[in-house]
Amino acid sequence: MIKFTKIIQVSAAALLLALGLGGCASDPAPKTDSITVWVDELEAKALEKAAAEFKKDTKVAVNLEVQQDPRSNFLSQAAARTGPDILVGAHDWIGELYANGLIEPIDLGSRKGDFYDNAVAAFNYQGKQYGMPYTIENLALVCNAKTVPSQPNWDQVKQAGLALSLNAGGGDPYHLYPIQTSFGSQVFKKDNNGNYTPELDLQSGGVEFAKWLGTEGKKILDPTSTWDSSVAALKSGSKACWITGPWAKDQLGLDSAEFNIYKIPSVGGKDAISFLSSRGFYVSKASKDSFYAKKFVVDYIGKSETQKELFTVTGRIPANKSAFDSVGSDRVVKGFGEAGRKAEPLPAIPAMGSVWASWGSSEIAIIKGQGKPEVIWNQMIKDIKASIGN
């Protein structure tokens, strides 16, 4: 009986090899002896082990090159069929990279479920996946821990005092967006696949948000506020809460127990949804060997061990679930990460560039009482539509 079992095991292994299902038997012969990845200094350090393992397994070396201006250099070099095989960059580069035909679709396969859905969605464009995320950023509510010891509702935030930078009168739709979305107003509509379309969705709940800006918001928000004044307000205690992102860590010492990080509570009754930004890996259409470039991204960078190493070295909030679960007592990573579970990717479609200026100036005009909120808001929508061309 023992001999029969061994024969079955050997035969099964042979069958797997014959079918190309065991190890790398089904992989094509490499077209190159090396691939190049454009990274920053921290990413280069974090990926050294994965690169060494990849070379050992495939005989293809990985050159980790630190680039100071990767976006513009990639646009010029990839267009000339040169440059790196893999580019690490922000998800909102995707619209420009796609429009110029510079990036390859990438199938994450079973790895897809290892990452948070909104991070994966950030690299989905025109119905296809064009990148693999590794880190995310979004807004949260930072509050003085003594004044606001637990997750507050909106009334408690008002009572404690809210800081929010409005760029010295220039406006800041980005930081006001979670309040706006709590009224049901988002910037663009989505198609059936969840992709942003150029059709505005600012009218859905937008007037209600505008009226809030012209009444309660006018009392709470200071149109002359800046980043520095917001930091000063939190440090002095004149304001107990601030809508901001993980980039405020060093300014306030957010890794100490002085401040807590919460989800942004709803003002208008619906979920307060902030924009999500993600950084991840693109594969160039000019790659010397796109098969092995994708293999390195998905099979080696995508595995939990590498994702954990990326967090350990960079300190950036992981998009990978296993890496996020391993962060331990890191208050900043856990706080902003958990606050961003419902965050939605910052739109990367070209129409987004036509939105910011009118959006910000209109919100400031409403806060300053320069007209009826609904009139200003509806005129803003007309102006943005005209700028987009729809």
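Keep in mind that this is a model prediction, so the values were computed, not measured.

1. Details of helix α16 (residues 356–367)
Here α16 is 12 residues long and its end C-alpha atoms lie 17 Å apart, about the 16 Å a rise of 1.5 Å per residue gives. Burial analysis of α16 places 9 of its 12 residues in the buried class, the great majority of the element. Taken as a whole, α16 has its buried residues at Ser 358, Trp 359, Gly 360, Ser 362, Glu 363, Ile 364, Ala 365, Ile 366 and Ile 367. On its buried face, α16 sits against α8 (173–181), α9 (206–220), β13 (275–283) and α17 (373–388). Trailing α16 by a residue or two, Gly 369 shows a phi angle of about 70 degrees, which is positive.

2. Looking at α8
Of all 9 residues that make up α8, 9 are buried, and the element is covered over most of its length. Along α8, the residues classified as buried are Pro 173, Tyr 174, His 175, Leu 176, Tyr 177, Pro 178, Ile 179, Gln 180 and Thr 181. Taken together, the buried residues of α8 touch α7 (154–160), α9, β11 (241–244), β13, α16 and α17.

3. Regarding the environment of Leu 234
The residue Leu 234 is located in helix α10 (residues 227–236) in this model. For the pair Leu 234 and Cys 143, spaced 91 residues apart in sequence, the C-alpha to C-alpha distance is 8.1 Å. With sequence-adjacent residues up to four places away left out, Leu 234 is seen in contact with Val 142, Ala 163, Lys 239, Ala 240, Cys 241, Trp 242, Leu 252 and Phe 259.

4. Focus on the pattern of salt bridges
Per the stated rule, a full pass over the model turns up 16 salt bridges. For Arg 279, the salt bridge goes to Glu 43, with nearest N and O atoms at 2.6 Å. Taken together, the residues Arg 279 in strand β13 and Glu 43 in helix α2 (residues 41–46) connect sequence positions 236 residues apart. Judged on exposure class, the residue Arg 279 and its partner Glu 43 are both buried.

5. Regarding the packing of α8 against α9
Where α8 contacts α9, the two axes come as close as 10 Å, and the packing angle between them is 115 degrees. Here the hand of the crossing between α8 and α9 comes out right-handed. Where α8 abuts α9, its residues Leu 176, Ile 179 and Gln 180 lie against Phe 209, Trp 212 and Leu 213. Of the residues contributing to the contact of α8 with α9, the split by class is 5 nonpolar, 1 polar and no charged.

6. Describing the state of the cysteines
For the coordinates displayed, the defined rule picks out 1 disulfide. Here Cys 143 connects covalently by a disulfide to Cys 241, the sulfurs 2.2 Å from one another. Taking the torsion about the S-S bond as the criterion, the Cys 143 to Cys 241 disulfide, at about 110 degrees, is right-handed. One end of the pair, Cys 143, is in strand β7 (residues 140–144); the other, Cys 241, is in strand β11, with 98 residues separating them in the sequence. The burial state of Cys 143 is the same as that of Cys 241; both residues are buried.

7. Quick word on the environment of Gly 371
Its location among the elements puts Gly 371 in the loop between α16 and α17. Note on Gly 371: relative accessible area 33%, which makes it partly exposed. When the C-alpha positions of Gly 371 and Gly 214 are compared, they lie 9.1 Å apart, and in sequence the two are 157 residues distant.

8. Describing the nonpolar core
Ranked by internal contacts, the top residues of the largest apolar core, which has 120 residues, are Trp 212, Phe 281, Phe 296, Trp 359 and Trp 377. Counting residues per element, this core draws most heavily on helix α12 (residues 290–301), which supplies 7 residues. Apart from the residues within four sequence positions on either side, Trp 359 is in contact with Pro 173, Tyr 177, Gln 180, Val 187, Leu 202, Phe 275, Met 352, Trp 377, Met 380 and Ile 384.

9. What about unusual backbone geometry?
Within the chain, Lys 59 stands out as a residue other than glycine whose phi angle is a positive 70 degrees. Take Lys 59: it is sitting in the loop between α3 (48–58) and β2 (61–66).

10. Observations regarding the pairing of strand β3 (residues 86–90)
With respect to burial, β3 is a largely interior element, 4 of its 5 residues being buried. In terms of strand pairing, strand β1 (residues 34–39) meets β3 through 2 bridges, oriented parallel. Within β3, the residue paired with Val 37 across the bridge is Ile 86. Inspection of the sheet shows β3 paired to β13 by 5 bridges, in the antiparallel sense. Of the residues in β13, the one forming a bridge with Leu 87 is Tyr 282.

11. Looking at the confidence of the model for the protein chain
Mean pLDDT over the protein chain: 93, with 94% of residues reaching 70 or higher. Across residues 1–23, confidence stays below pLDDT 50; counting only partners more than four residues off in sequence or on other chains, it has 6 contacts.

12. Focus on the side chain of Arg 279
One polar contact links Arg 279 to Glu 43, side chain to side chain, over a distance of 2.6 Å. Residues within four places of Arg 279 in sequence aside, it is in contact with Asp 40, Glu 43, Val 88, Gly 89, Ala 90, Phe 123, Pro 133, Tyr 134, Thr 135 and Arg 316.

13. Details of the packing of α8 against α16
Between α8 and α16, the least distance of the axes is 10 Å, while the angle of their chain directions is 70 degrees. In terms of axis orientation, α8 runs roughly perpendicular to α16. Considering how the two elements wind past one another, α8 and α16 form a crossing that is left-handed. Judged by residue contacts, Pro 173, Tyr 174, Leu 176, Tyr 177 and Gln 180 of α8 engage Trp 356, Trp 359, Gly 360 and Glu 363 from α16. Classifying every residue of the contact of α8 with α16 by side-chain character gives 6 nonpolar, 2 polar and 1 charged.

The rules we used
Residues numbered from 1 in each chain as written. Predicted model: local features only at pLDDT ≥ 70, side-chain atom pairs only at ≥ 80, totals over all residues. Heavy atoms only, no water. Helix = DSSP H or I, 4+ residues; strand = E, 2+ residues; numbered from the N terminus. Expected span 1.5 Å × (residues − 1). Buried < 20%, exposed > 50% of the residue type's maximum accessible area, 1.4 Å probe, protein only. Contact = heavy atoms within 4.5 Å. Salt bridge = Lys/Arg side-chain N within 4 Å of Asp/Glu carboxyl O. Axes fitted to C-alpha atoms, helices over the stretch in contact; angles between N-to-C directions. Left-handed = near helix turned anticlockwise from the far one by under 90°. Nonpolar A, V, L, I, M, F, W, Y, C, P; charged D, E, K, R; others polar. Disulfide = S-S within 2.5 Å. Core = buried A, V, L, I, M, F, W, Y, C linked by side-chain atoms within 4.5 Å. Pairing = 2+ DSSP bridges. pLDDT = per-residue confidence, 0-100. Polar contact = N/O pair within 3.5 Å; in protein donor to acceptor, adjacent residues only side chain to side chain. Parallel < 35°, antiparallel > 145°, perpendicular 65-115°, else oblique.

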